[in-house]
Amino acid sequence: MTDMSALQSRIEGDSSGEDYSASIMSIEIGPAHPAMHGIVRFTTHLDGELIVGMDPEIGYLHRGFEKESENSKWIQVIPYTDRLNYVSPLLNNIGYSMAVEKLYGIEAPRRAEFTRVIMGEISRITDHLTCLGAVAMEIGAFTFFLWFIKAREYLWELVEEMTGARLTTNWTRFGGNAHDLPDGFLNDLADRLLKLKEVMSECDKLLTRNKIFIDRVKDVGSFSKEDALSFGFTGPLLRACGIPYDVRRSDPYSVYDELDFEIPVGSVGDCFDRFLVRMEEIRQSILIIEQAADKMPEGPFMTDERMMHYPDKKDVYGNIEGLIDHFKLVMEGHQPPAGEVYMPIEGGNGEIGLYLVSDGSGDPVRVRMRPPCFNLVAAMPAMTVGHYVADIVPIFGSVNMIGGELDR
Amino acid sequence: MSEEISTKETEVISEAGELTTLLQEEFPEAVSGFHAHRGDETVVIERDAFEAVCRFLRDDLRCSFEIMMDLTAVDRLEMKETPRFEMVYHFKSLTHARRLRIKVLLTEEDCKIDSIHHLWKAVDWYERECYDMFGIHFEGHPDLRRLLMYDEFEGHPLRKDYPIDKQQPLLELKEVEERHTYGRHT
């Protein structure tokens, strides 16, 4: 870290009266750079190799998620949410469905909630595995990357077993899930978790005390608690700064208040702390999944409230209520009561906040998603200025930018 | 069934929460409405007092909202409500473990509001995004550029009167005889 006030005066060149602007070089990194996790551009101002200024430019993956959602029916938005965070799509599905359930004022049955917890934690693990694997690869630990992607594959096979797709899951519905647990799923789950634990312990030995790795990440990108709060950090990066804020604990949703888990925190918020926090969160998620699998109750996986899902075919053909419900759901769609809700859930990167406004007509008025990595990318200048160009790679890797949710 | 729900909701809405009462005491003229639909405490603030209220929310020990969680706007053109725009701010306090939603109403002709970028650093990009998407002007923002769209883009895409199928390509597109409309009726 360099003395920033001296640096600032050099950039402005006003304190000494000398013009240093000629020695400052502007270099564009991105939009499509191999070490950029997605399409983003950094205009960096360099003094030699030292970063003295940075301006991130985002929006290359803007697909109009909010506009498209506001021109769809409520249920049609679920597939769009898959594409927000494409390494943990189930968490977005769950967040959106829970927000609409909050708008309705209903809750999904307990079996559906426990299944959601399991699938949500699997997604959180895949998210962390991808992030850590990518960081490690970019700073040279290629084995770690391959091992983690192998472990991620174990979990994505579970996701495929449950939803029929690896990424485009489209799995939750309002008041429940599209499918119940497939036969033998819990056995497969236990088997895969065992394999995941093996990978975790191997990789832990490989990297956590590795001097080459530690030299690259320790004291790089440190961030104070005050700045992290002011920048609106949530998730692993905020916890790495030492603030134990986790939506699962602070605003317990679903059945997280019945499960026992710990919230890992770091101390200085550098890239090494972020690495350790994410590693520990994977272990905690495994514990959560095991508890949820043990406690998995019997019962329905879909609410029995009317007008939330298509009625059974025997009701459609057998009684008038079933027929009318089916007709109205097809023709008009879901019609949540007028009102507005904000539903926070803990995503892989931090707080996913869904803000929905309904006027009761069946067309969403506003579908807003708070992207967790938005604030993190916004803080990139604050995190990198004073470091060297090579440090952008671990810092930006640990930010875990996901273009889909950042640009929406 | 529906009657039961509506009476229950009215009760919740007519009851002022702790923070609402506090804001009403501190800024008696600024609070113009409140509700707690589905448990989300919401206070509607007059635009002139907005900056002062935000400062109070951040600094007062009874509030201490450390995190400015989300900032967005709602275009109520199709809801036939006036005024047209509604600014929506979500705050989170870790000290007191609670959330608050602040809303400010803005008319179409005068959609300006004080920037609060100096209170929370997160606000900088949120306001740029909101300006980009809704064309709301944040007075005092040092660098109010578009964030997601490109500089040459005309209009503000999340306004309800911006057509969803409108195209503004930067490069001239080749003539295509039949454009897919993807089954859209409008």
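Predicted, not measured: the structure shown is a model, and the values here were computed from it.

Trainee: Can you tell me about the sheet that holds strand 8 (residues 364–370) of chain A, naming the residues and giving the values?
Mentor: Residues and elements named next belong to chain A. Strands sit in the order 6-7-8 across an open sheet of three strands; the sheet is antiparallel. The sheet terminates laterally at strand 6 (339–346) and strand 8, the two strands that pair on one side only. Between one strand and the next, the sheet's axes are offset by a mean angle of 10°, whatever the strand orientation. Direction of pairing for strand 6 relative to strand 7 (residues 351–358): antiparallel, over a ladder of eight bridges. Following the sheet pairing, Pro 344 is matched in strand 7 by Gly 353. Helix 4 (residues 89–104) contacts strand 6 and strand 7 of the sheet and is inclined by roughly 145° relative to strand 6.

Trainee: Help me get a handle on the interface of chain B and chain A, residues and values and all.
Mentor: Taken together, the contacts link 27 residues of chain B with 32 residues of chain A. Counting residues per element, the ones that place at least two in the side of chain B that touches chain A are strand 3 (67–75), strand 4 (85–93) and helix 4 (123–134) of chain B. Top element by residues in the side of chain B that touches chain A is strand 3 of chain B. It accounts for six residues. Among the residues making up the side of chain B that touches chain A, the classes are represented as 17 nonpolar, three polar and seven charged.

Trainee: Describe in detail helix 3 (residues 50–59) of chain B, supporting the description with residues and values.
Mentor: Because each turn of an α-helix spans 3.6 residues, side chains separated by three or four positions end up pointing in the same direction. All names here are of chain B. Among the residues of helix 3, those classed as buried are Val 53, Cys 54 and Leu 57. Viewed along the axis of helix 3, the buried residues span an arc of 100°, placing them on a single side of the element. In this fold, the buried residues of helix 3 make contact with helix 2 (18–26), strand 2 (42–45), strand 4 and strand 5 (98–106).

Here is what the cut-offs are and how they apply
- Residues numbered from 1 in each chain as written.
- Chains lettered and ligands numbered in written order.
- Predicted model: local features only at pLDDT ≥ 70, side-chain atom pairs only at ≥ 80, totals over all residues.
- Pairing = 2+ DSSP bridges.
- Helix = DSSP H or I, 4+ residues; strand = E, 2+ residues; numbered from the N terminus.
- Axes fitted to C-alpha atoms, helices over the stretch in contact; angles between N-to-C directions.
- Contact = placed C-beta atoms within 7 Å.
- Nonpolar A, V, L, I, M, F, W, Y, C, P; charged D, E, K, R; others polar.
- Buried ≥ 20, exposed ≤ 12 C-beta atoms within 10 Å, placed from the backbone.
- Arc of directions from axis to C-beta.

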